[in-house]
Amino acid sequence: MSSLSTTSFRKKARVKIGQILGTKPSLYNNQLLISTGIPSLDHVIGGGLAVGTVLLVEEDTYGSYAKLMLKYYVAEAVMTKQSVFLCSADGSVRQLVKELPAAVDEVYSQAATKMTSSPVPSVGHPPTSKQVTGDPSSTATSTDEKMKIAWRYQNSPKVQVVPSAGTQFGHYYDLTKTMNADIVDRSDITYGSPVEVGQMSMNPHYCQLLQEIKNKIEAGCFGTGQEVDKRSVLRIGIHSLGSPLWGENGGACSKGENLDPSLPLFLLALRGVLRTAFATAMITMPTHLFSERVFIHRVQRLADTVIRLDSFAGSDKEKNAVFKEYHGLLHLLQLPRLNSLVPAQPETSDLAFKLRRKKFTIELLFVCVCNSSGSGCASNTTADLSF
Amino acid sequence: MLGEICQFFAIDSSNFPSNDHIIIGNRSCQSDFLVHFFLNLCEKQNRPVVFLGLSQSFGHYNSVGQKLGNNLGSARDERKSLVFLESLFDFSESIASSSTFRSTTAPNPFVELLKGDSTTLLKSINASLETLAQIQTGILSAPVVIIDDLSVLLSAGVAPECLLLFVNSLHELVTSPRIKGSLIISLHLDKEDEKAEELWAYLTHLSTVKVQVTDLASGYCRDVHGEMHAEWRDSHDKPRKSITRHTQFKLSDKNISLFAPGMSAAVL
């Protein structure tokens, strides 16, 4: 007891967390969350990706779905004006940024601006802010012509009004359209470049990458110790970390039979860096290329959230009528326990993903046993139920 | 929470066992609660603690501690009964600095450890123990050294032999008649990880209490999160029958409930 005059009771001050664009506090443990860009995935991993954590996506065999998830992750950053740091060994990230899916409300407003004769001048006024906020004043321009019937709705805004930009969390994207290049250009995207450097104890690619991430965090004032007037969140996306292009030898050391500790070391260091920064990372990793399962387990433990994509493409399950609704299984391997004793407890761990024409969703795996004479699978009505 | 686990471990909550060496083997993802429990217990009894946080930052332990009702921040900064070694950041810093060839003047304990020399880390722990002893003069309470997740070092590429030497020297140091402290080490186990299993086998010889936390064999369940086995070993200075206990547990945000296997509230 320090002094009796002051009471230890204090009204809980409301933390001004909502003012960071594209974030929300967790319902479970008051953590700052950002969206992965896929609302159904956010739901499954406990509301979103906690700031300061690493999401490890174990790639499917061909890596296409993992890449799609990375696109969503970057697209969400563009929509919420967060900074992005992207890196890949094969240099495919620039192409990835060109193929970002367009947000659904962006598609709408593009149509709306085409309708109006005078498009809104976009110099110094990024269109994203307009679309995110759904500002009634900007949409009112397209409703100039008088309504013949139902005039009571004339003044109501066309777009569903969202209270403010800060509360907008997670967008819906349309995979058939790519994001407007102007918007993408205006956002802060940095590309990492793994280059050859001299011999070191740790894999030089990882050292270089770590240093670039640290520099980015310092330069962009994303550290928790750094004071800035407008706080933003950095998203780090690393594509196919640990593939042979990074000089990784399937987890094994080039010399002996021991495991190469570079990748776990990198993840440990990344965790240390992220814990003191307003940043999150999404790493996709081709773990099926690693020879040692022990190595995979060690890598998993050093990431916070771990999910594995198990695509049906090329496997027996592809033709199995039981799974015809889905494109693959999603395994939740680990959920983060940052600042709490228990991770978010999902209802079930039977999850599957599905790629529709316009969007990628994660759904509960629902196996329809009674095989209604399907449209696609013609041959055998007695589907083999191989679980 | 405290009461139930104290009962399970047959610890009098007012008298923390001294000269104990407790090892916690995690065979599941969600077994950090024991570390938090011991941290909490030490705080309640005013035991000085040296904490080597390898897997998480101080902020994490502090915010979990607050939910469980103890303030680690004040213990560290005001009462000075807790020395928290921010090993995660030190480690991260050392890895980053080694990549830029920045030669640090003081030898970093983790760089030394990766090279196979654990003396620097031991020295820093010893130094923290001494600072605690200076502050705590007059109070006869033995310090507790907690290492949260030794397997982080193993994953980071520290040779298992080096870790064995480190643990052995630490054990000698902490349980010496001068200090008479306790040592609590947690590590992750994995059936396929031979190196971790070897380390565990060695630690079981050294320890007095062996705790294993495992997932349910039947798979994921919302209402029962796992099982816990504890085994007390017979030791020379404290003869006790080798006892084993077994329980199941359910974690919630601020509490942990223990129950006999098959006696979960969801089942009954």
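Our subject is the structure that appears above.
Residues numbered from 1 in each chain as written. Chains lettered and ligands numbered in written order. Predicted model: local features only at pLDDT ≥ 70, side-chain atom pairs only at ≥ 80, totals over all residues.

Once that is clear, we can look at the overall build of chain B. Along the backbone of chain B there are 10 helices and 9 strands. Relative to its 268 residues, chain B shows a buried fraction of 43%. Of all intrachain contacts in chain B linking residues separated by at least 6 positions in sequence, the fraction that spans at least 24 positions is 70%. (Helix = DSSP H or I, 4+ residues; strand = E, 2+ residues; numbered from the N terminus. Buried ≥ 20, exposed ≤ 12 C-beta atoms within 10 Å, placed from the backbone. Contact = placed C-beta atoms within 7 Å.)

Moving on: the packing of helix H2 (residues 33-44) of chain B against helix H3 (residues 58-67) of chain B. Residue and element names in this part refer to chain B. Following both chains from N to C, one finds H2 and H3 inclined at 70°, their axes separated by 10 Å at the closest point. The orientation of H2 with respect to H3, classified from their angle, is roughly perpendicular. Touching His-36, Leu-39 and Asn-40 of H2 are Tyr-61, Val-64 and Gly-65, all from H3. (Axes fitted to C-alpha atoms, helices over the stretch in contact; angles between N-to-C directions. Parallel < 35°, antiparallel > 145°, perpendicular 65-115°, else oblique.)

This part covers the sheet that holds strand E2 (residues 32-34) of chain A. Residues and elements named next belong to chain A. Read across the open sheet, the 3 strands follow the order E1-E2-E3; overall the sheet is antiparallel. If you trace the sheet from one side to the other, it starts and ends with strand E1 (23-25) and strand E3 (49-50), each paired once. Relative to E2, E1 runs antiparallel, the two sharing 3 bridges. Across the sheet, the residue bridging to Thr-23 is Ile-34, located in E2. (Pairing = 2+ DSSP bridges.)

What follows is about unusual backbone geometry. Among all residues save glycine, negative phi is the norm, and among peptide bonds the norm is trans. All names here are of chain B. Positive phi is not limited to glycine here, since Lys-80 has a value of about 60°. For Asp-149, which is not glycine, the phi torsion reads 70° and is therefore positive. The topology assignment puts Asp-149 in the loop between strand E4 (144-148) and helix H8 (151-155).

This part covers the sheet that holds strand E8 (residues 189-191) of chain A. All names here are of chain A. Ordered by their spatial adjacency, 9 strands build an open sheet running E8-E5-E9-E10-E4-E11-E12-E13-E14, and the pairing between neighbours is mixed. In this open sheet, the two strands that pair with only one neighbour each are E8 and strand E14 (360-364). Across this sheet, the average inter-strand angle for adjacent strands is 20°, counted without regard to direction. Bridge analysis of strand E11 (residues 305-311) against strand E12 (residues 328-334) gives 6 bridges, and the strand direction is antiparallel. Residue pairing across strands places Arg-308 opposite His-331, the latter belonging to E12. Sheet strands in contact with helix H2 (residues 64-79) are strand E4 (54-58), strand E5 (83-88), strand E9 (234-239), strand E10 (279-285), E11, E12, strand E13 (351-355) and E14, and its direction is about 160° off that of E9.

Put simply, an interface is often sized by how much accessible area is lost when its parts join up. Taken together, the contact pairs 32 residues of chain B with 32 residues of chain A. Those elements giving two or more residues to the side of chain B that touches chain A turn out to be H2, H3, helix H5 (87-99) and H8 of chain B. Looking at the side of chain B that touches chain A, the element that brings in the most residues is H5 of chain B, giving 8 residues. Here the residues of the side of chain B that touches chain A are counted per class, giving 12 nonpolar, 13 polar and 7 charged. (Nonpolar A, V, L, I, M, F, W, Y, C, P; charged D, E, K, R; others polar.)

The next point concerns H2 of chain A. All names here are of chain A. The end-to-end C-alpha separation of H2 is 23 Å, in line with the 22 Å expected for 16 residues at 1.5 Å each. Counting buried positions along H2 yields 14 of 16 residues, so the element is predominantly enclosed. Backbone geometry just downstream of H2 places Lys-81 in the positive-phi region, at approximately 55°. (Expected span 1.5 Å × (residues − 1).)

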